[in-house]
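Inside the fold
Okay, here's what each chain looks like letter by letter:
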Amino acid sequence: MNGRVPYGIVALVGVFAVIWLIPVVGIVVTSIRPPSEITLGWWRLDEVSFTLSAWIRVWEEYPLANAFWFTALLAGIATISTMLLTPAAAYAFHFLKFPFRRLLLVLIINAFVLPQQVVIIPLFQLWRDLGLIDNIAAVLIPYVGLSFAWSIFLVKNFLEDFPKELIEAARIDGCGAISSLLHVVLPNARSPIFAVGILQFLWTWNALLLPMLFLRSNVPLPVLLTKVAGTYESNWDLRSVAAIVTTIVPLLVFMIFQRQFAAGSQTRSGAKE
């Protein structure tokens, strides 16, 4: 084995990459071509002209900047909250002993298979009674709560291979549960925590259902994207601009932190080479 990847696999991956890039190129081209040419097909080269009128019109007619910052606020708070709470919960379920520990873990993990649509009506009634409709908390609480099902499962699986001797040594040195978490577990569990953060950010940034139902005055980008689509006209150029603005940030986040995300399946703290 010389470690080289077979040329057939490289060619296959290249074909899939080209297929994946075709709609991306189509969205970009659609955003900078006039509607008269788009209706004939963005790939047509009979008449080729470029314009930024769609970009200017979207920024002038729709609150794209406000929606962008509001989406960043929602995704940022939900991501940071999940990254802080998930390691503590996974540590408690894995290393601590308390009543009904397994039952609580099973209930949380089983929420993994619970469709989001099932909780919409009870949540709406609860937020209406509490006066939280059109409040940022109405979406932040479900964002963080519903993410516990998969995030705790992910970090707990990482802790399965975490050497318990380090925890026992910390306890002998006088560290309590919180000190062991802060000074022993967290420094060695950055990879799964970053993986949880990336997945949570991507989910909350692209979330549509909860903000559409619970928010009124301020809406995130996915909700605004649905409003860009006209009732009597397609507005493909405007929708392409909004789609580019909506997807550029998750793409950059994944590209920047992909190394930490991939390392989550490879890192084993305390393991000897």
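Residues numbered from 1 in each chain as written. Predicted model: local features only at pLDDT ≥ 70, side-chain atom pairs only at ≥ 80, totals over all residues. Heavy atoms only, no water.

Helices and strands together make up the secondary structure of the protein chain, namely 13 helices and 0 strands. In terms of overall size, the protein chain is more extended than a compact globule, its C-alpha atoms giving a radius of gyration of 23 Å where 273 residues would be expected to give roughly 19 Å. When its C-alpha atoms are laid out on the principal axes, the protein chain stretches across 75 × 65 × 30 Å. Long-range contacts, defined here as pairs at least 24 residues apart, represent 74% of the contacts in the protein chain between residues at least 6 apart. Counting only carbon and sulfur atoms, one obtains 68% of the accessible surface of the protein chain, whose full area is about 16600 Å². Computed over 18 positive and 15 negative side-chain charges, the separation of the two mean positions in the protein chain equals 10 Å. (Helix = DSSP H or I, 4+ residues; strand = E, 2+ residues; numbered from the N terminus. Rg over C-alpha atoms; globule rule 2.2 N^0.38 Å. Contact = heavy atoms within 4.5 Å. Areas by Shrake-Rupley, 256 points an atom, 1.4 Å probe, with all protein chains shown as cover. Lys, Arg positive; Asp, Glu negative; His and termini not counted. Charge placed at Lys NZ, Arg CZ, Asp CG, Glu CD.)

Right, let's talk about the pattern of salt bridges for a bit. Going through the model one piece at a time under the given rule, you end up with 3 salt bridges. One salt bridge in this structure joins Asp129 and Arg128, with 4.0 Å as the shortest N-O distance. Taking relative accessible area as the criterion, Asp129 reaches 62% and is therefore assigned exposed. (Salt bridge = Lys/Arg side-chain N within 4 Å of Asp/Glu carboxyl O. Buried < 20%, exposed > 50% of the residue type's maximum accessible area, 1.4 Å probe, protein only.)

Turning to its location among the elements, Gln200 is positioned in helix H10 (residues 190-205). In this structure, the C-alpha to C-alpha distance between Gln200 and Ile22, residues 178 residues apart in sequence, is 27 Å. Leaving out residues up to four positions away in the same chain, Gln200 has contacts with Ala78, Thr79, Thr82, Tyr143, Val144, Ser147 and Trp150. For Gln200, the side chain forms a polar contact with the main-chain oxygen of Tyr143, separated by 3.2 Å. (Polar contact = N/O pair within 3.5 Å; in protein donor to acceptor, adjacent residues only side chain to side chain.)

Moving on, we get to a nonpolar patch on the surface. Among the surface-exposed residues, Ile248, Leu251, Leu252, Met255, Ile256 and Phe257 lie close enough to one another that they form a single nonpolar patch of about 540 Å² accessible area. Note that Ile256 resides in helix H13 (residues 236-263). (Patch = residues over 30% accessible without salt bridge, like charges linked within 9 Å, V, L, I, M, F, W, Y side chains within 5 Å.)

Right, let's get into the environment of Phe70. Position of Phe70 among the secondary structure elements: in helix H4 (residues 64-95). Among residues more than four places away in sequence, those in contact with Phe70 are Ile136, Leu215, Asn218, Val219 and Pro220.

Judged by nonpolar contacts, the single largest core of 17 residues is most densely connected at Leu64, Phe201, Trp205, Leu221 and Leu238. Apart from the residues lying within four places of it in its own chain, the contact partners of Leu64 are Val58, Trp59, Leu221, Leu224 and Val245. (Core = buried A, V, L, I, M, F, W, Y, C linked by side-chain atoms within 4.5 Å.)

Here the focus is the side chain of His94. Checked against the element boundaries, His94 lands in helix H4. The contact partners of His94, leaving out residues within four places of it in the chain, are Lys156, Leu159, Glu160 and Lys164.

Take the side chain of Thr79 next. Relative to the assigned elements, Thr79 resides in helix H4. Exposure remark for Thr79: the relative accessible area of 9% places this residue in the buried category. Residues contacting Thr79, with those up to four places away along its chain left out, are Gly197, Gln200, Phe201 and Thr204.

It is at 7 Å that the axes of H4 and helix H7 (residues 137-159) come closest, and there the two elements cross at 45°. Considered as vectors, H4 and H7 are oriented oblique to each other. Our pair here, H4 against H7, has a crossing hand that is right-handed. Its residues placed into classes, the contact of H4 with H7 shows 18 nonpolar, 6 polar and 1 charged. (Axes fitted to C-alpha atoms, helices over the stretch in contact; angles between N-to-C directions. Parallel < 35°, antiparallel > 145°, perpendicular 65-115°, else oblique. Left-handed = near helix turned anticlockwise from the far one by under 90°. Nonpolar A, V, L, I, M, F, W, Y, C, P; charged D, E, K, R; others polar.)

Moving on: unusual backbone geometry. In this structure, Phe100 takes a positive phi of about 60° despite not being glycine. In this structure, Phe100 sits in the loop between H4 and helix H5 (101-110). Here the phi dihedral of Asp134 falls at roughly 65°; this positive angle occurs in a residue that is not glycine. Within the secondary structure layout, Asp134 lies in the loop between helix H6 (120-130) and H7. The exposure class of Asp134 is partly exposed, given its relative accessible area of 32%.

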